[in-house]
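Coordinates in review
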Amino acid sequence: MDSIVVTGNGELAGQIPIAGAKNACLTLMPATLLSDEPLTLTNAPRLSDIRTMTDLLESLGAEVSRLQDGQVLAMSSHDLNNHRADYDIVRKMRASILVLGPMLARDGHAVVSLPGGCAIGARPVDLHLRALEALGADLELKDGYVHAKAPTGGLHGGRIDFPLVSVGATENALMAATLARGTTIITNAAREPEIVDLALCLTKMGARIEGAGTDTITIEGVDRLHGATHPVVTDRIELGTYMLAPAICGGEVELLGGRRDLVGAFCDKLDEAGVEVRETDAGLAVRRRGDHVKAVDVTTEPFPGFPTDLQAQMMALLCTADGVSVLEEKIFENRFMHAPELLRMGAKIDVHGGTATVTGVKQLKGAPVMATDLRASVSLILAGLAADGETTVSRVYHLDRGYEHVVRKLEGVGAKIERIRNK
Ligand SMILES: CC(=O)N[C@H]1[C@@H](OP(=O)(O)OP(=O)(O)OC[C@H]2O[C@@H](n3ccc(=O)[nH]c3=O)[C@H](O)[C@@H]2O)O[C@H](CO)[C@@H](O)[C@@H]1O
Ligand SMILES: C=C(OP(=O)(O)O)C(=O)O
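Residues numbered from 1 in each chain as written. Chains lettered and ligands numbered in written order. Predicted model: local features only at pLDDT ≥ 70, side-chain atom pairs only at ≥ 80, totals over all residues. Heavy atoms only, no water.

Looking at an unreviewed UniProt entry, the protein carries the name UDP-N-acetylglucosamine 1-carboxyvinyltransferase, with the source organism given as Sedimentitalea arenosa. Checking UniProt for the protein, the heading Function (unreviewed entry) contains the comment "Cell wall formation. Adds enolpyruvyl to UDP-N-acetylglucosamine." (UniProt positions renumbered as here; feature names shortened; annotations may be inferred.)

This is the structure in structure tokens:
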């Protein structure tokens, strides 16, 4: 298994280009299943999760080609010859459940493996299933699979009142409702930029959607959707991650393609901690105001709140802040696995349930550490950039799910970082 070696190398300077969003691309790709005409996505990130979604779509009979060095995905679901998403692929990535709504809406039947739990929490899919039931789907759980059928004549519009905000369930419901007969109203919908991006793409395909980006989305079902070309929105989590690099090391880095509206709550916390974020013609420029950041308290929330997907990286920053910070993780029940690894680097962190108390130290020290999930991995790289000596992060396959060219991007701003390829 490959590892990444990072050596603290002082201040950073330069530019980092930000890719298209993994989490938007993972919901835009299944949208191809809603139409028998081609869907083309530009600005697609080159990540192992996108490969997994490609494998899944191809296993269903869709054609997926990568053009222009993988940045363009041309997809066609003209001949879907299989409506069964197998455990072997679904278990690799939870977003696989997003093929359920589209297949069911278009062809009236689908069998999709349940994804199971993962390192950051149990992550059930009950809300996805309840939403599809509200549109008339008949669902049966058998042998670890969801067996779904639409009534004769297809899904019908309905009212979906989510008891808690779920990004994935909102996406599945939104896609399914585009082809349901009549009106669907989704309340307590997720408001993430990835939902807005999905709605934009579906609208280009002929869907009738109002309210995406607010907590109430209304969809008028149409008979069919057609092809479209759509650019994937900027990855706000990759953006936030690299914004933390100059915050933790000093110097100034410009994030090309960065948009403040994608990371508003995160920018507010950086400002409170003493990190300046400036809008430029090409994106966002970030620099730390003093030699150290100040401690701040952070609570993760659905958008527009502070994202859970930036909590681990923010913790890495706060490990060297002046004072005591309290981080509350409100989205996932087990998302502090980076804390014991940061302790190995000399950090002071106490975790009690969903709360981590971080007492800043003057200097982190390099150490061998292990990545346990995607965002935990990158938090260890950030900590390594600021540490004294060498940090070796093992199990970096987690990182490949969500960060393209991480070594090249960080080297480009002066970091000392190397990938060791183990056979
Ligand atoms: C591919 C993708 O886009 N992943 C993102 C998506 O995950 P994902 O869509 O899986 O996350 P959700 O928003 O659904 O999860 C939010 C909370 O709801 C719970 N829940 C969810 C569905 C359900 O049926 N029942 C239920 O109880 C989850 O366990 C979690 O505690 O949003 C998360 C929250 O911003 C991000 O961390 C992930 O990076
Ligand atoms: C948790 C994440 O992804 P997923 O939902 O695909 O596990 C993430 O992107 O941080």
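Every residue near ligand 2 is listed here: K22, N23, I120, R123, D309, R335, L374, R375 and R401. Measuring from an oxygen atom of ligand 2, one finds a side-chain N or O atom of R123 at 2.6 Å. Take R401: an N or O atom from its side chain is 2.7 Å from an oxygen atom of ligand 2. For ligand 2, whose accessible area on its own is 290 Å², the fraction buried by protein is 88%. For the shell around ligand 2, the elements supplying multiple residues, two or more each, are α1 (22–28) and α12 (374–386). When the residues that make up the shell around ligand 2 are grouped by side-chain class, the tally is two nonpolar, one polar and six charged. (Near = heavy atom within 4 Å. Polar contact = N/O pair within 3.5 Å; in protein donor to acceptor, adjacent residues only side chain to side chain. Areas by Shrake-Rupley, 256 points an atom, 1.4 Å probe, with all protein chains shown as cover. Helix = DSSP H or I, 4+ residues; strand = E, 2+ residues; numbered from the N terminus. Nonpolar A, V, L, I, M, F, W, Y, C, P; charged D, E, K, R; others polar.)

So, on to the site of ligand 1. Inspection of the region around ligand 1 gives 18 residues, with D126, L127, S166, D309 and I331 positioned closest. At 2.9 Å, a side-chain N or O of R123 approaches an oxygen atom of ligand 1. The side chain of D309 places a nitrogen or oxygen atom 2.6 Å from an oxygen atom of ligand 1. Coverage of ligand 1 by the protein amounts to 83% of the 740 Å² it exposes when considered alone. Those elements that provide at least two residues to the shell around ligand 1 are α5 (126–134) and α6 (167–178). The element that contributes the greatest number of residues to the shell around ligand 1 is α5, accounting for three residues. Grouping the constituent residues of the shell around ligand 1 by class yields nine nonpolar, five polar and four charged.

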